[in-house]
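Given next are the chains, with one letter for each unit.
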Amino acid sequence: MRRPRGEPGPRAPRPTEGATCAGPGESWSPSPNSMLRVLLSAQTSPTRLSGLLVIPPVQPCCLGPSKWGDWPPGGGPSTGHVQGLQRLLEQARSPGELLRWLGQNPTKVRAHHYPVALRRLGQLLGSRPRPPPVEQATLQDLSQLIIRNCPAFDMHTIHVCLHLAVLLGFPADGPLVRALEQERRLRLPPKPPPPLSSLLRETRPEELTPHVMVLLAQHLARHRLREPQLLEAIARFLVVQENQLSSKVVQKLVLPFGRLNYLPLEQQFMPCLERILAREAGVAPLATVNILMSLCQLRCLPFRALHFVFSPGFINYISGTPHALIVRRYLSLLDTAVELELPGYRGPRLPRRQQVPIFPQPLITDRARCKYSHKDIVAEGLRQLLGEEKYRQDLTVPPGYCTDFLLCVGSSGAVLPVRTQAPFLPYPPRSCPQGQAACSPTTRDPAQRVVLVLRERWHFCRDGRVLLGSRALRERHLGLMGYQLLPLPFEELESQRGLPQLKSYLRQKLQALGLRWGPEGG
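So, here's what we can say about the structure. As the structure is a prediction and not an experimental result, all values here were calculated from the model.

Calculation rules
Residues numbered from 1 in each chain as written. Predicted model: local features only at pLDDT ≥ 70, side-chain atom pairs only at ≥ 80, totals over all residues. Heavy atoms only, no water. Helix = DSSP H or I, 4+ residues; strand = E, 2+ residues; numbered from the N terminus. Buried < 20%, exposed > 50% of the residue type's maximum accessible area, 1.4 Å probe, protein only. Pairing = 2+ DSSP bridges. Core = buried A, V, L, I, M, F, W, Y, C linked by side-chain atoms within 4.5 Å. Domains from an automatic or database assignment. Contact = heavy atoms within 4.5 Å. Salt bridge = Lys/Arg side-chain N within 4 Å of Asp/Glu carboxyl O. Phe/Tyr/Trp six-rings, centres within 6.5 Å; stacked < 30°, edge-to-face > 60°. Expected span 1.5 Å × (residues − 1). Bend = angle between axes of the 7 residues up to and from the residue. Polar contact = N/O pair within 3.5 Å; in protein donor to acceptor, adjacent residues only side chain to side chain.

Time to look at the environment of A179. Topologically, A179 is positioned in helix α8 (residues 175–187). A179 sits in the buried class, given a relative accessible area of 13%. Once the C-alpha coordinates of A179 and I147 are considered, the two residues, 32 residues apart in sequence, prove to be 6.2 Å apart.

Structure below.
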């Protein structure tokens, strides 16, 4: 029975991992984990992996001719019917109903309706708590409808249908995927025949193109996906294709290893990178420094490359380039790593006049997600617990690390007013008697600096267990400079219900370190 026009339909279920629905004006794309499952399932077929990685993003399925092509030319009375059918497909309550709207309205169905139907099918199959039963005949009928009409699809619609069909689990050798791929190949420009020698070899994963592997590396880094199987494949590709890769490509392939804090098991990974750096260091300075930044996060800095980037010739060269400031910032971070983590290094260092603060303000990801951060409520809890004069928020300490919250603590464990103490420790760190914290420059008594470190959800890889490389590096360096770190994990912060519970949680954390405050603490 057709629903009266204007009557609100049932609310669509929330999008799930397998099929993410876009709202008005928003773009739609598969969730990172869904794409990852596709990549893993395609590991034995390099050609298929390449095709999946270069599929363009799916466009939003919104009403109106400006959001999707293939509307009836000139609009007219039929435009409303076409839009009405799309609305019915988006609000279908079962796969059977979805199929009925397509089958009973042949004159109103346009090419763009089929991606809408596949997307809605994914929502229905992934609905919670219990997806509706789907008969195999229903899936076969939907496949036949798409197969019968796909010759009229444009290239973009074919890509979208192919992408969604794979994500929904339609078999790669099934008729639907085969038909869509055949139409896609028919629309590709002709290519010259490959040489006979390449036809005789068996295709191996190492023979994927650099462009495809860069896309994979960027996908893992962007979505914080620490997947050893894929990261090892990138490392193996880099080793096999060493002589064909420029440093500008290598910097993109190495990026996920540093960001995801993952040192590959491939034994030739580091020797290969050292050879590439030795060969390409003078060709692309920014790419060279980017590679070293990734290796710095992995604690694998090669001395020979450090000698080169800290040489007067390299520093003078980059000073006149457009990216001089960012390179100097990276070199300042590398110099800090040498100071704190490489006691055996005896080569040149970055001159003091060339050094700049590393991260003088909170990182971009923290600023972009500030409304989801726990920083404001933790600050209020500390204000009520300690008082405003006994902590500093967002203080940048030498050589340029921004701290979340910093406390000054006396030798007796009393939390001291920050204004009576130097708020940060000297850098480079001064040696003190063994077992004592770094010495305060304003008093003769050993002073301690405690840094409360917020560990938000986005500070971790997607699995939530391994800190991102930049976060791990920051905490490692702060600890080596003499700061005592007090991590506040997001799981613990999210479990606090309201400010009173949070204050109790902070009190327990501080007291566990032996800190005292208030009348009894001075």
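Attention now goes to the pairing of strand β6 (residues 448–455). Taken across its eight residues, β6 has six buried, putting it largely inside the fold. With six bridges connecting them, β6 and strand β7 (residues 484–489) associate as parallel partners. Bridging across to β7, L452 finds its partner in L486.

Once that is clear, we can look at the nonpolar core. Membership of the largest hydrophobic core comes to 69 residues, with the highest contact counts inside it found for L238, L301, F310 and L331. Both domains that meet at this core, namely domain 2 (196–354) and domain 3 (370–429 + 444–513), each give it at least three residues. Residue contacts for L331: discarding those within four places in its chain leaves V289, V309, F310, F314 and L350. In this structure, A92, W101, A111 and V116 belong to the second largest nonpolar core, which totals 32 residues.

For the structure on display, the rule yields 15 salt bridges. Across the pair E242 and R275 runs a salt bridge whose closest N-O atoms are separated by 2.9 Å. Separated by 33 residues along the polypeptide, E242 in the loop between α11 (228–240) and α12 (247–259) and R275 in helix α13 (residues 269–280) bring together distant segments of the chain. Residue E492 pairs with K509 through a salt bridge whose shortest N-O separation is 3.2 Å.

In this description, an aromatic ring pair is defined by two values, namely the gap between the centres and the angle between the planes. This model, assessed by the stated rule, comprises six aromatic pairs. With centroids separated by 5.4 Å and ring planes inclined at 90°, the aromatic side chains of F303 and Y345 adopt a geometry described as edge-to-face. On the criterion of sequence distance, the pair formed by F303 in helix α15 (residues 303–309) and Y345 in the loop between α17 (324–341) and α18 (364–368) is long-range, its members being 42 residues apart. Looking at Y345, the relative accessible area reads 6%, which means it is buried.

Let us look at unusual backbone geometry. Cis peptide bonds are those with omega within 30 degrees of zero, and the linkage from P398 to P399 qualifies with 10°. Along the chain, P399 turns up in the loop between β2 (396–397) and β3 (401–402). Of note in this structure, R224 is not a glycine but carries a positive phi near 55°. Tracing the backbone through its elements, the reader meets R224 in the loop between α10 (210–222) and α11. Located in the positive-phi region is N261, a residue other than glycine, with phi close to 60°. Take N261: it is sitting in the loop between α12 and α13.

On to α12, then. In this model α12 runs 18 Å from its N-terminal to its C-terminal C-alpha over 13 residues, within 8% of the 18 Å that 1.5 Å per residue would give. The largest bend along α12 measures about 30° and falls at L253, with the proline P256 one to four residues further on. Looking at the buried residues of α12, the elements they touch are α10, α11, α13, α14 (285–297) and α20 (469–480). Where α12 ends, the next residue or the one after it, N261, has phi of about 60°, a positive value.

Along the chain, the position of D335 falls in helix α17. The buried category is assigned to D335, whose relative accessible area is 3%. Of note is the side chain of D335, whose polar atom sits 2.7 Å from the side chain of R349. Apart from residues lying up to four places away in sequence, D335 is in contact with F310, R349, L350, Q355 and Y427.

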